[in-house]
Every structure is written in C-alpha cells, then in structure tokens.
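Chain by chain, the residues run as shown.
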Amino acid sequence: MARRAASSLVSRCLLANRAASSAGAAAPAVPSALRRADGTRGLLPGVLQRFSTAAAAEEPISPPVQVNYSKLLINGNFVDSASGKTFPTLDPRTGEVIAHVAEGDAEDIDRAVAAAHKAFDEGPWPKMTAYERSRILLRFADLIEKHNDEIAALETWDNGKPYEQAAHIEVPMVARLMRYYAGWADKIHGLVVPADGPHHVQVLHEPIGVAGQIIPWNFPLLMFAWKVGPALACGNTLVLKTAEQTPLSALYVSKLLHEAGLPEGVVNVVSGFGPTAGAALASHMDVDKLAFTGSTDTGKIVLELAARSNLKTVTLELGGKSPFIIMDDADVDHAVELAHFALFFNQGQCCCAGSRTFVHERIYDEFVEKAKARALKRVVGDPFRKGVEQGPQIDEEQFNKILRYIRYGVDNGATLVTGGDRLGDKGYYIQPTIFSDVQDGMKIAQEEIFGPVQSILKFNDLNEVIKRSNASQYGLAAGVFTKSLDTANTLTRALRVGTVWVNCFDIFDAGIPFGGYKQSGIGREKGIDSLKNYLQVKAVVTPIKNAAWL
Ligand SMILES: NC(=O)c1ccc[n+]([C@@H]2O[C@H](COP(=O)([O-])OP(=O)(O)OC[C@H]3O[C@@H](n4cnc5c(N)ncnc54)[C@H](O)[C@@H]3O)[C@@H](O)[C@H]2O)c1
C-alpha cells in the first residue's frame, strides 16, 4: 500500500492538478512591467479569472499546528546554542516570523559531534543487533504516520509547499523510506572470498562512524529521510544540519525517533547557517563521512573543506537543468500535463525539475498554446487551502532570484508566453511563467532557476536533441515522452544523467537510486546504492591450518 502511495506520486498530483484547475478563482490586480507574446502588459481581466486569488486577497489560514521544538537536539536533549543566539524562521506566505530557533555554530557542532562519537564508541547503538535497530526504525515509521498531519502542517508552514502535497505524498514517503531502511538493517552483510592459499578471507561491512549530513530547504523531511535512514540502518551515528530556511520539521520528527527508542547521541540535529554550522561540520576532524545536498557551488565548497580537513568521504546531491524531451508521436495533451508537472511541482523548486522542455517542431505550436492554457489554470495561493497547486517560493532571496531570471529571459529575446511577475503584494508568490523560443545559449536555458518558470525549446531531430540535452554542466535527470520503444531506448542510453523517466516524471520510490552525473553530484541516495555511502569495507585474513578445502 505504501509502495502504491509512493509510486503513484505523479498520477495523484496530476489528478489533484486537474481537480484544482477547474476550481478557478479571481486574482489580485498586479501590474506587470513585462510585455508578453500577445502584446499585452500585466494581467488582463481574463487572466485574472484564472490565476488564484488566495495569494493576495485573503488573510493567511492559521496553520493547524504549534511549534514545540526550536532548540538544538544534542545527545538526546533539546538545548540552547552555546552562544545563546537564535534566528527567525519565516512564513513564506507573509515573510512573518514563525518562531525563533536556536542558532548553532562551530561550538555546537563540536558538542554534537562529541555526542555522536560517544554514542558510536560507547553507547548501546553499535552493540544492538541489526534487528533491534530495524525495529526502532519501524516504530519511528509508525509514529510518523500517527503524527502525519502535524508534521505536514509544520512542513507547509515553514516551506510554503501545498499542505495536500506534504500530507498525502511527502510525509507518507518518509514513513515508507524508514520502513525500507528498516528492512535493510539486518540484511547488510559481508562476504567470504576464496584466496590463493590456506587463508580464510572475510570481507566485513562496518559502519563508518559519525556521519555529517547537510540538507536543503526544498524537501526538508524527504532529505532528512534520504540521509538519516541509510546512516542508521548501517549502524552509524550522525549530526544533521538543516537548512536555515526550514529547521522545524526535522526537530519534530527527531523527537519521535527518540520516542521510538533511539538511544541518545545517535541522531543530533543542529539548526544554523551554512558558512558557520555547515562549514564546521564539513571540516570537522572527527566526522568520518559527509553527505551533502544543495547547490553545486556549495557542493564544491564542502568537498574542499572535507579534503582539507580529514579527507572524510563525501557524497553530493547537487543541482540540475533537466531536459524533458517530447517527440512528435506524443499525445500532446498528456505531454503538456506531464511537462507542466515536471517543472511546476513544488513551486519549481526541485533539483530534477524538467526545466528545459524540448518539443519537436511538428507539435511545437500546439504544445506552446496548450502549455499556456495549463499554466493559466494553475491554482496559486495559500498552501493550506484545499486545491491549491502552488504556494509561495521559499524566501525573498529565491523570489528575487527567480524574478531576475525572468528579466534575463525577456532581455535575451525569449518570448514570454504567460506569467512573468509576482502574484499579490505580500509573501513570495510568483505567477506560473512560460517562455517559448528559448535558445540553448540563454541564461534561462543554462542555469538553475529553481522556480515556476518553464522554458520551451524547439528541436527537429533525435540526434540533435540528444546533443543539446547533454550540453549542460549538469546531469541529474531527464524526461522522455514518446510512443516509440526504439526512440525511448536510444534516448535512455544516450542521455548523460542519473535518472531517465520515460513517459512519467518524479517517480521516487525508496528503492530507486537517485543522483547525478557531471556537476550534479557524486554518489547515489536511496536504494541499495545508498548503503555503500555509510559502510566501510574491511578485509580480515586468517591462516587456516589443515584446511579440509580451500
Ligand atoms: N540532487 C539532489 O538530490 C538535490 C535535492 C534537493 C536540492 N538540491 C539542490 O539544492 C539547491 C537548493 O538548495 P539551497 O539553496 O538550500 O542550496 P545551498 O547550497 O545554498 O544550501 C544547502 C545546504 O548547505 C548549507 N550551506 C550553505 N553554505 C555552506 C557552506 N559554506 N558550508 C557548508 N554548508 C553550507 C546550507 O545552510 C544548507 O543547509 C539547488 O541547487 C538544488 O538543485 C539537490
């Protein structure tokens, strides 16, 4: 059942989208400075009917949850930061303060790493059987399910993502991931290998020790699960640094993890900023492994910090500029819906977003028209409101960055088909935006926008689109939309990316490995591959006297 829940992410979102599309709503009058393809400026009255109203015109809905945990979690206790400092975490709907959160820095990272070390060296955790560890993860999954709605509300409040998405897709997926890793805990074992001589050779798979984990804000809980699940299944202890924009949900679920029976010191959570807490973790001499998810630029920084300190092993999940390729045999309506989902899901804040929509020239004009109609129907508004498909962007910095990219698109000569402006006058809502006639060399086709901005590019030949798709510093994911098995097979092998979704997108089952080629990262998370990130391999060689066989 959980598997169905996870694998049907796309279809559920598509259904939700369709239902929401028909809801319609009036929208605020926001003048746009940008000129669109149809020669209009700003939002026409007709357009107002279709963008949602909730963004600007209504009071924000009160979140059905309270913030109970805002301190650092070190050695099983919620504690103030050593400096006593706090920082505000903000509601993206309004920019107002949700809570003041303890701000960890290097001294707190030291305390957390010391606790994790003690738990690894002396605590009950490494002495527990794998089955006992597995049962803690299973109990944790049950508690996640029990508290599904509060956790989802906290995630929506802090991040701005639609509550329905958090409650029906992401939080259940966290429980699913925990059960997946619970299943692995007692199936991780080494090998006995034959040697050239009278030797008994064992290959042991051991936990690495203390893992340092740094996560971003776009999927705070899922990133928690992708990192904490395999580290615990393999018997490690850890220090997790959350993103400064979204510290709340990890603290909440870590409390549940202790309720499930996790010994103190095994999981430590430090809220704080990248250049202070994050850098201290990446460069810590007593951290044995670093797992990082975030931008490619920061990935390079932490890799260097790891190398310059104790050469800890590093896995990186970084940015992307994923092609979504629509061949001329595609059902255009279906392709439009899937391409829309591939880009706009989670306010466009997905590392693997299908942010270069390549459309075959034979169906290009029809596709652009229909993509515009679909974007105009997108319901943008308070993420706590039922039927809302798109909430606000995470913060002012990202909001301004996206508007800058929209400006680049216009200045570079792409055609603004729809959108192009903020929505409302408070919070960080942005109109679903589409550019057509996008050329490969444009900034909007090269760089990660991380927002609700779809770039449509025209192509006419399979080899051409392969070449253009691969002409990117990134190699995270791709979507392929075709009825031809031969075309799909050619594309899936030719594309230099870590995931290819054929006639689907954003399918994220626990067992499917995820990660990037090129500057999209190093290593894989989820699936069996993720276990290797958290295991050391030790060869033990013992002479055998009077061996019955070799
Ligand atoms: N490949 C993936 O699986 C995946 C998943 C989600 C997000 N991402 C990527 O993450 C990016 C968006 O997230 P972001 O804006 O939070 O990225 P970011 O790199 O700014 O921040 C990510 C994390 O790194 C920390 N950090 C920042 N500077 C640091 C430093 N000097 N030393 C140590 N830590 C530091 C931040 O505090 C945060 O916790 C996008 O590029 C997106 O593609 C990738």
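Values in this document were obtained by computation on a predicted structure and should not be read as measured data.

Chemist: Hey, could you run me through the UniProt feature "domain: Aldehyde dehydrogenase" (unreviewed entry) in the protein in this one?
Modeler: The UniProt record annotates "domain: Aldehyde dehydrogenase" (unreviewed entry) at residues 78-540. Here residues 78-540 runs as 40% helix and 21% strand, with 41 Å between its end C-alpha atoms.

Chemist: In this structure, what is going on with the site of the ligand? I would like to understand it.
Modeler: In the vicinity of the ligand, 28 residues are found, and the nearest of them are E244, S295, T298, L318 and E448. Taking E244, its side chain carries an N or O atom lying 2.6 Å from an oxygen atom of the ligand. Between T298 and the ligand, the recorded distance is 2.8 Å, taken from a side-chain N or O atom to an oxygen atom. Burial of the ligand by the protein chains amounts to 91% of its free accessible area of 840 Å².

Chemist: How should the pattern of salt bridges be read in this particular structure?
Modeler: Oppositely charged side chains may form a pair once their charged atoms are brought near each other. Counted by the stated rule, this structure contains 24 salt bridges. Taking the shortest distance from any N to any O, the salt bridge between K386 and E164 comes out at 3.7 Å. With a gap of 222 residues between them, K386 in the loop between helix 14 (364-377) and helix 15 (396-411) and E164 in helix 8 (residues 163-185) connect regions that are remote in the sequence. Judged by its relative accessible area of 71%, K386 is exposed.

Chemist: Is there a simple way to explain the packing of aromatic side chains in this structure?
Modeler: Aromatic rings in a pair are described by how distant their centres are and how their planes are angled relative to each other. Enumeration over the complete set of coordinates arrives at 18 aromatic pairs. Considering the side-chain rings of Y69 and Y252, the 6.0 Å spacing of their centres and the 70 degrees angle between planes classify their relative orientation as edge-to-face. Here Y252 lies in helix 10 (residues 248-259) and Y69 lies in the loop between helix 4 (54-57) and strand 1 (72-74), a separation of 183 residues in the sequence. Look at F341 and F345: their rings are 5.1 Å apart centre to centre, the planes differ by 45 degrees, and that puts the pair in the tilted class.

Chemist: Hey, could you run me through empty space enclosed by the protein in this one?
Modeler: One simple way to see leftover space: roll a probe sized like a water molecule over the atoms. What the rule picks out here adds up to four cavities of 30 Å³ or more. Considered as a void within the structure, the largest cavity measures approximately 70 Å³ in volume. A per-class count over the lining of the largest cavity returns seven nonpolar, four polar and two charged. Of the volumes computed, that of the second largest cavity is approximately 50 Å³. For the second largest cavity, the lining is made up of 14 residues, of which K321, P323, Y474, G475 and V497 are closest to its centre. For the lining of the second largest cavity, the secondary-structure elements that each account for two or more residues are helix 17 (462-470) and strand 17 (474-475). Split into classes, the residues belonging to the lining of the second largest cavity amount to five nonpolar, five polar and four charged.

Chemist: For this particular structure, what's the right way to read the environment of R356?
Modeler: Within the secondary structure layout, R356 lies in strand 13 (residues 356-360). With 97 residues separating them in the primary sequence, R356 and V453 have C-alpha atoms 9.9 Å apart. Here S469 takes part through its backbone oxygen, which lies 2.8 Å from a polar atom of the side chain of R356.

Chemist: What is the right way to read the pairing of strand 16 (residues 453-459) from this model?
Modeler: Across a regular strand the side chains alternate sides, sitting on one face of the sheet and then on the other. Counting buried positions along strand 16 gives six out of seven residues, so the element sits mostly inside the fold. Strand direction decides the pairing type here: strand 13 and strand 16, joined by four bridges, are parallel. Bridged to T357 within strand 16 is I456. Bridge count between strand 15 (residues 433-436) and strand 16: three bridges; the pairing is parallel. Across the sheet, residue T433 finds its bridge partner in strand 16, namely V453.

Chemist: Teacher, can you tell me more about the confidence of the model for the protein here?
Modeler: Should the pLDDT be low somewhere, the predicted coordinates at that spot are not to be read in detail. Averaged over every residue, the pLDDT of the protein is 91; the share at 70 or more is 90%. Counted against residues more than four places away or in other chains, residues 1-36, with its pLDDT under 50, gives 91 contacts. Both scores are given for the predicted complex: the pTM is 0.92, the ipTM 0.95.

Chemist: Explain the nonpolar core here, please?
Modeler: For soluble globular proteins, the rule of thumb is that nonpolar side chains tend to be buried together. In this structure, F140, F224, L232, V267, I326 and F367 are the most contacted members of the largest nonpolar core, which totals 101 residues. Broken down by element, this core gets its largest block of residues, 13 residues, from helix 8. Apart from residues lying up to four places away in sequence, F367 is in contact with I326, V332, A335, V336, A339, T357, V359 and I456. F399, L457, V465 and L495 belong to the second largest nonpolar core, which has 27 residues in total.

Chemist: What am I meant to see in helix 7 (residues 148-159) here?
Modeler: Spacing of three or four residues puts side chains on the same side of an α-helix, whose turn is 3.6 residues. Its twelve residues give helix 7 an end-to-end C-alpha distance of 16 Å, which sits within 8% of 16 Å, the value for a rise of 1.5 Å per residue. Burial of helix 7 is extensive: ten of the twelve residues sit out of reach of the surface. Among the residues of helix 7, those classed as buried are N148, I151, A152, A153, L154, E155, T156, W157, D158 and N159. Its buried side turned inward, helix 7 meets strand 3 (86-91), strand 4 (96-102), helix 6 (130-146), helix 8, helix 9 (220-233) and helix 10. Within two residues after helix 7, G160 carries a phi angle of roughly 95 degrees, on the positive side.

Calculation rules
Residues numbered from 1 in each chain as written. Predicted model: local features only at pLDDT ≥ 70, side-chain atom pairs only at ≥ 80, totals over all residues. Heavy atoms only, no water. UniProt positions renumbered as here; feature names shortened; annotations may be inferred. Helix = DSSP H or I, 4+ residues; strand = E, 2+ residues; numbered from the N terminus. Near = heavy atom within 4 Å. Polar contact = N/O pair within 3.5 Å; in protein donor to acceptor, adjacent residues only side chain to side chain. Areas by Shrake-Rupley, 256 points an atom, 1.4 Å probe, with all protein chains shown as cover. Salt bridge = Lys/Arg side-chain N within 4 Å of Asp/Glu carboxyl O. Buried < 20%, exposed > 50% of the residue type's maximum accessible area, 1.4 Å probe, protein only. Phe/Tyr/Trp six-rings, centres within 6.5 Å; stacked < 30°, edge-to-face > 60°. 1 Å grid on protein atoms, 1.4 Å probe; cavity = no way out; pocket = protein on both sides within 12 Å on 5 of 7 lines; lining within 4 Å. Points joined across faces, edges and corners; volume = space filled by probe spheres on them. Nonpolar A, V, L, I, M, F, W, Y, C, P; charged D, E, K, R; others polar. Pairing = 2+ DSSP bridges. pLDDT = per-residue confidence, 0-100. Contact = heavy atoms within 4.5 Å. Core = buried A, V, L, I, M, F, W, Y, C linked by side-chain atoms within 4.5 Å. Expected span 1.5 Å × (residues − 1).

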